[in-house]
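Notes for the structure review
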Amino acid sequence: MKTVAPAPAGPVAVARRVEALRQAVTRVIWNEAEDPDHVTFMEEALEDVLTHEMLRDGFCAETLDDHVARVCLELGLSLDDAERWRDLPDPLEDEGDPGDEADRRSSG
């Protein structure tokens, strides 16, 4: 039996997936980062991964959660955090430095 490859995703679907992946993985990065330099390094690494990911056949074929987990693993990020990325704070809403969340929890 011949396996049929998924149809290539259109440009809108690819753009949406890239943005969704960027947002999700950035949440994980900010949750795990110990300092701003590490955040910058990891966000640059994420952009490199996304550039290569977009060129893959079947880029939008897997579920977003599976895609987030795979990219996080590729970046050496926690699978546990990758699985709960939706529950992590959005760094765009929290303009503090990485690690501030732990400081807030311990001072509360």
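Check the entry above for the structure.
Below or above, wherever it landed, is the structure these notes cover. Quick caveat: nothing in here was measured; it's all calculated off a predicted structure.

Relative to each other, helix α2 (residues 36-54) and helix α3 (residues 64-74) sit at 125°, their axes nearing to 11 Å. Considering the angle they form, α2 stands oblique to α3. Relative to α3, α2 is oriented so that their crossing is right-handed. For the pair formed by α2 and α3, the contact residues are Leu46, Val49 and Glu53 on the first element and His67, Arg70, Val71 and Glu74 on the second. Among the residues forming the contact of α2 with α3, the class breakdown is three nonpolar, one polar and three charged.

Along the chain, Leu64 falls in helix α3. Measuring from C-alpha to C-alpha, the distance between Leu64 and Ala20 comes to 7.8 Å, with 44 residues separating the pair along the chain. Sequence-distant contacts of Leu64, defined by excluding residues within four places in its chain, comprise Arg17, Ala20, Leu21, Trp85 and Arg86.

Calculation rules
- Numbering of residues starts from 1 in each chain and follows the order in which that chain's sequence is written.
- For this predicted model, a pLDDT threshold of at least 70 governs which residues receive local features, and a threshold of 80 or more governs which side-chain atom pairs are given and counted, while totals over whole chains, interfaces and linings are taken from all residues.
- Side-chain measures here rest on the full set of heavy atoms in the structure, leaving out hydrogens and waters.
- Axis definition: a line fit to C-alpha positions, over the contact stretch in the case of helices; interaxial angles, taken between N-to-C directions, run 0 to 180 degrees.
- Only DSSP runs of H or I reaching four residues or more are called helices, and only runs of E reaching two or more are called strands; each is numbered from the N terminus.
- Convention used here: angles under 35 degrees read as roughly parallel, angles over 145 as roughly antiparallel, angles from 65 to 115 as roughly perpendicular, and any remaining angle as oblique.
- Each crossing gets its hand from how the near helix is turned against the far one by less than a right angle, where anticlockwise is left-handed and clockwise is right-handed.
- Contacts are residue-level and defined by heavy atoms, with any inter-residue pair within 4.5 Å sufficient.
- Only Asp, Glu, Lys and Arg are considered charged, only Ala, Val, Leu, Ile, Met, Phe, Trp, Tyr, Cys and Pro nonpolar, and every remaining residue, Gly among them, polar.

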